[in-house]
Amino acid sequence: MKRFIATLLTVALALNASPQEKYGTEEAWADAQIARLKEKSPTAQERSQWFREARLGMFIHWNQSSVVAAEISWSKQFYDDDGEKLLHNPRPTLKHCKAQEHTDWISWFKPAVPKEIYDHLHKSFYPAMYNADSIVHTSMQAGVKYIVMVTKHHDGFCMWDSEYTDYDIMSTPFARDIVSEMADACHRHGMKFCIYYSQRDWHHPDYSSENLPRYNLYMRNQIKELLTKYAPVAGIFFDAHAWNKDPEVWESETLFKEIYAIAPDILINNRCGVPGDYYTPEQRVGSIDMETMWESCMTFTGEWSWRGFANEVIPVEKCFDYLINCAGGNGNLLLNIDPLPTGQIDPREKSRLKIMGEWLARNGEAIYGTQGGFLRPADWGVSTRKGKNLYLLVKDWNSFPALLPITGLKIKEITVGDKAIDFKAGKNGVELSVPESCRDRYVTVIKITTNRDLTDRELL
Ligand code: GLC
């Protein structure tokens, strides 16, 4: 009966109006307050499909802090009028830290840049080699499907030509709208363009004051400006912390509805006090989750912006680890690049991206458009699935199981690249061995073709 009524309703709606017309800002806001994908409206599920299929995005953390190779925003020090006492944004010391990752976090504040200097860094920002097309080209070669660019970080500096502040790119000697160039390049090459926007703003006088409503208005105006000037914008990565998990603080309902009125298909992350479309583990790969969309943002160096050539860049093996563990966990990897003050990608990062892209060109079938599982991520690697295919992405042969617990399925064939692999399928599982000559230097993809759709299989 229920199904009958639902069908009637659907027919009535279809006769009345197209789904787009019916899906207004109210519905979009209702969806933003629901975390689980299946509980959201069909429209919300549909418009986020590209994101689930993409699996790999590129984050860009960059602004004038690169001029002194200091961490974006966090390196800015606040002193009292005598220039002695740190104010407002006190830094933790080693003794406040209980875990290694927290001690790493401290390095974000180094080198500390006195506020008086930080606030003038933009006057020396002249990234003469910035070429948005070339960055987009590198990302395409790397197999990246969307770009998320920092438009305004916590320091409040705007990388675009904003009507609402002078603390923006037009006040640099460079005076070229960096965001506009990136948006255009993305649009030209069919790359999804998304923006990062920090609610935290250490430049705006109304931020974190009793005039917060006035700050919120500024923020909404800027967001509307970005969405209009650089349309289409596929997603917004908001960024706020601890005390500001409350949607009231950011007047999220008004904010979101204004966003949806301009960009009904936009995806928004979970840092505005509501679940939005996806959650955002930071500097760690999320755990497998088939219910709610997620995206892990990871860095090449442990820090967000460029910190000089003395800073180590992770080996490409680690990049593959991130990539497959995100896909195998049913999430996305948002891998951060931190351009140099010249506007170029660090060549060490570029070389890693190239290798990833070459691998993805061969093995993308096991990443794009897949779901994670149904075998849980393990030491040997991960699994992904699409239709009747199960993919095993093996990074460590030493821990590869002698018997894979794959049962209740008829296996048609198992291949690595174009080579068929011998296997034995029994009651308790599948035995297979991949000759060394077929193994990939980084991650080997084993494709198992079965007789059944694997979409709703329980995790093992
Ligand atoms: C944290 C940091 C910030 C970075 C962001 C990315 O919120 O404060 O510097 O931009 O993580 O997720």
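For the structure, check the block above.
Just so you know, these numbers come straight off a predicted model, no measurement behind them. (Residues numbered from 1 in each chain as written. Predicted model: local features only at pLDDT ≥ 70, side-chain atom pairs only at ≥ 80, totals over all residues. Heavy atoms only, no water.)

1. Let's talk about the sheet that holds strand E11 (residues 381-386)
Note: strands within a sheet are paired through backbone hydrogen bonds, in either parallel or antiparallel orientation.
Thought 1: On the basis of which strands lie adjacent, the open sheet formed by 6 strands has the order E10-E11-E12-E17-E13-E14 and antiparallel pairing. For this open sheet the edge positions go to strand E10 (371-372) and strand E14 (419-420), each flanked by a neighbour on one side alone.
Thought 2: Here helix H12 (residues 316-328) sits on the sheet and contacts E10, E11 and strand E12 (389-394); the angle it forms with E11, its principal contact strand, is near 50 degrees. (Pairing = 2+ DSSP bridges. Helix = DSSP H or I, 4+ residues; strand = E, 2+ residues; numbered from the N terminus. Contact = heavy atoms within 4.5 Å. Axes fitted to C-alpha atoms, helices over the stretch in contact; angles between N-to-C directions.)

2. Observations concerning the packing of aromatic side chains
Here the distance between the centres and the angle between the planes together describe a pair of aromatic rings.
Thought 1: In this structure the tally under the stated criterion is 23 aromatic pairs.
Thought 2: Each ring, one from Trp62 and one from Phe125, has its centre 5.4 Å from the other, and the planes form 70 degrees; the classification is edge-to-face. In this pair, Trp62 sits in the loop between strand E1 (56-60) and strand E2 (76-77) while Phe125 sits in the loop between helix H7 (115-118) and helix H8 (132-141), placing the two residues 63 residues apart along the sequence. Here Trp62 and Phe125 have matching classes, each one buried.
Thought 3: Between Tyr207 and Tyr215, the ring centres sit 5.5 Å apart and the planes meet at 75 degrees, which makes this aromatic pair edge-to-face.
Thought 4: Relative accessible area serves as the criterion here: at 9%, Tyr207 is assigned to the buried category.
Thought 5: For Tyr215, a relative accessible area of 0% gives the class buried.
Thought 6: The cationic tip of Lys145 hangs over the ring face of Tyr368; the distance from NZ or CZ to the ring centre is 4.4 Å. (Phe/Tyr/Trp six-rings, centres within 6.5 Å; stacked < 30°, edge-to-face > 60°. Buried < 20%, exposed > 50% of the residue type's maximum accessible area, 1.4 Å probe, protein only. Lys NZ or Arg CZ within 6 Å of the ring centre and 35° of its normal.)

3. Some thoughts on the packing of H12 against helix H13 (residues 347-363)
Thought 1: Closest axis-to-axis distance for the H12/H13 pair is 10 Å, and the angle between their directions is 50 degrees. One element, H12, and the other, H13, form an angle in the oblique class. Note on packing geometry: the crossing formed by H12 with H13 is right-handed. For the pair formed by H12 and H13, the contact residues are Val316, Cys319, Phe320, Leu323 and Ile324 on the first element and Arg352, Ile355, Met356, Trp359 and Leu360 on the second.
Thought 2: Grouping the constituent residues of the contact of H12 with H13 by class yields 9 nonpolar, no polar and 1 charged. (Parallel < 35°, antiparallel > 145°, perpendicular 65-115°, else oblique. Left-handed = near helix turned anticlockwise from the far one by under 90°. Nonpolar A, V, L, I, M, F, W, Y, C, P; charged D, E, K, R; others polar.)

Limitation: the analysis is restricted to geometry and does not speak to function.
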